[in-house]
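Topology and contacts: notes
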Amino acid sequence: MGDSSMTMIEADGLSKYYGSFMAIKDISFSIPKGQIVAFLGPNGAGKSTTMKILSGFLAASKGKAVIAGLDVRDERLEAVKKLGYLPENGPLYNDMTPMELLRFFGEVRGYKNHKLDERIDYVTDLCALQQVLEKPISKLSRGYRQRVGLAQALLHDPEVLIMDEPTAGLDPNQIRDFRTNISKLGEAKTILISTHILQEVEAVAQRVLLINEGRLVFDGSMTELKQDGSIEKAFYNLTGYGKERSVHNEEGGEV
Ligand code: ADP
C-alpha cells in the first residue's frame with residue numbers, strides 16, 4: 001500500500017474568524033500516514049474549529065486543509081471518502097436507531113446488500129453496539145451515543161479519522177475500551193483526536209499538538225512535551241494556566 005511518509009492530514013496556515021473574533025490563527029501542521037496525534041488545549045482554544053475545517057464542515061477564513069492529498073474545499077467529495085469525522089457531540093439524527101443510522105449512511109456511502117450488511121456487522125462489533133441497535137439514539141447513554149458516532153465514522157473504512165473529544169462523558173471502563181479500539185485502529189489509519197484529558201494522551205498518541213488561544217504552541221513527541229517533568233506541568237506552562245491560576249483538574253475526578 002501507500003508510502004508511509006505520505007502526508008494524510010495537512011493544515012496549511014489555517015485561520016478562522018467568527019465575525020471579528022479570531023478563533024484560530026495561522027495553524028500549520030502535517031501528519032504522516034499511520035500516526036496517532038493528540039490535539040490538546042484548554043476549552044475554547046480552537047480545537048473544534050480546526051477539526052471542523054479539516055473535515056470540510058467549516059470554511060477557513062484563510063489557509064488550506066488537505067486530507068490524503070485532497071483539498072477539502074475544492075475536492076470535497078473525494079476527500080470525505082477518505083475521512084471519518086466524529087463531531088464533538090456524537091451523531092445527529094436522534095430519532096433513528098443505530099441500525100437505521102448505519103444503514104442510511106452506508107447507503108449514502110454507496111454500499112448495498114451483502115457488502116452493506118458486512119460493514120454494519122463489522123462496526124457494530126468493533127464498537128460493541130449489539131445491545132442497542134434497535135433503540136432510538138435519543139434514548140441511549142452518552143457512552144453509547146459516542147460509540148454510534150464512532151461506528152458511523154468508521155463505516156466506510158476511512159484512512160483518516162478525526163475525532164473531537166470522543167471520550168467526553170464516558171466512564172472509565174468505556175474509556176479503556178475506547179483506547180484499546182483506537183490503538184487497534186491506529187495500526188492501519190491516521191488519527192487526529194482532541195481531548196483535554198491529559199492521561200488519555202499518553203495512552204494513545206505518539207505526537208502532541210497543543211493549541212492555546214487559537215495558536216499552535218507545541219508540536220512534538222510525548223517525550224519532548226514531558227522534558228521538564230509531567231505532561232500536566234507542560235500543559236500549564238504552555239497555556240499560561242500555571243502562572244496566576246491555582247492548579248485544578250478540569251475533569252473534577254470524573255475519570
Ligand atoms: P475548543 O474546541 O478548543 O474548545 P472551539 O474551536 O470550540 O474551541 O472554540 C474556539 C473559540 O471560538 C472559542 O472562544 C469559542 O467561543 C469560539 N467559537 C466557536 N464557535 C463559534 C461560533 N460559531 N461563533 C462564534 N464564536 C465561536
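Scope of this entry: the structure provided in the associated data block. Throughout, residues of each chain are indexed from 1 in the direction in which the sequence is written. In view of the model being predicted, local features appear only for residues whose pLDDT reaches at least 70, and side-chain atom pairs are presented and counted only at 80 or more, with totals across whole chains, interfaces and linings using the full set of residues. Processing note: side-chain calculations cover all non-hydrogen atoms of the structure and skip hydrogens and water entirely.

A few points about the site of the ligand
So the rule is basically this: Working definition: residue near molecule or strand if any one of its non-hydrogen atoms lies within 4 Å of it. Polar contacts, as used here, are pairs of N or O atoms within 3.5 Å; protein pairs need one atom able to donate a hydrogen and one able to accept it. Residues neighboring in sequence count only if both atoms are side-chain atoms. Per-residue and other accessible areas were derived by the Shrake-Rupley procedure at a 1.4 Å probe size, with only the shown protein chains allowed to occlude residues. Secondary structure elements follow DSSP: runs of H or I no shorter than four residues count as helices, runs of E no shorter than two count as strands, and numbering proceeds from the N terminus. When residues are sorted by character, Ala, Val, Leu, Ile, Met, Phe, Trp, Tyr, Cys and Pro go into the nonpolar class, Asp, Glu, Lys and Arg into the charged class, and all the rest, Gly among them, into the polar class.
The environment of the ligand is made up of Tyr18, Phe21, Ala23, Pro42, Asn43, Gly44, Ala45, Gly46, Lys47, Ser48 and Thr49. A distance of 2.9 Å is found between an oxygen atom of the ligand and a backbone nitrogen or oxygen belonging to glycine 46. The backbone of serine 48 places a nitrogen or oxygen atom 2.7 Å from an oxygen atom of the ligand. Taking 560 Å² as the accessible area of the ligand by itself, protein coverage stands at 59%. Residue assignment for the shell around the ligand shows that the elements contributing at least two residues are strand 2 (21-32) and helix 1 (47-54). Of the residues belonging to the shell around the ligand, the class tally is five nonpolar, five polar and one charged.

Regarding the pairing of strand 8 (residues 190-195)
Threshold: A 1.4 Å probe rolled over the protein chains alone gives each residue an accessible area, and that area as a share of the maximum for its type sets the label: buried under 20%, exposed over 50%, partly exposed in between. A pair of strands counts as paired when DSSP detects no fewer than two bridges linking them. Handedness of a crossover is defined as follows: orient the strands so they point away from the viewer, and if the path from the first strand over the helix to the second runs clockwise, the crossover is right-handed.
Burial within strand 8 is extensive, with six of its six residues counted as buried. Note: strand 3 (residues 36-40) against strand 8, five bridges, orientation parallel. Its bridge partner being in strand 8, valine 37 is matched across the sheet by leucine 192. Looking at chain direction, strand 7 (residues 160-164) and strand 8 are connected through five bridges and run parallel. By the bridge assignment, methionine 163 is partnered in strand 8 with isoleucine 193. One crossover worth recording links strand 7 to the parallel strand 8 by way of helix 6 (residues 172-185), and it is right-handed.

Details of the nonpolar core
Operational definition: Working definition of a nonpolar core: buried Ala, Val, Leu, Ile, Met, Phe, Trp, Tyr and Cys residues. They are joined through side-chain atoms within 4.5 Å. What makes two residues a contact is simply this: any of their non-hydrogen atoms within 4.5 Å.
One finds Leu129, Leu154, Met163, Ile182, Ile191 and Val201 to be the most contacted residues of the largest nonpolar core, which totals 46 residues. Among the elements that take part in this core, helix 5 (residues 142-154) stands out by supplying six residues, more than any other. Aside from chain neighbours lying at most four places away, what touches leucine 154 is Arg119, Val123, Leu126, Cys127, Leu161, Leu185 and Lys189. Counting 27 residues, the second largest nonpolar core, distinct from the first, contains Ile27, Phe39, Leu70 and Ile162.

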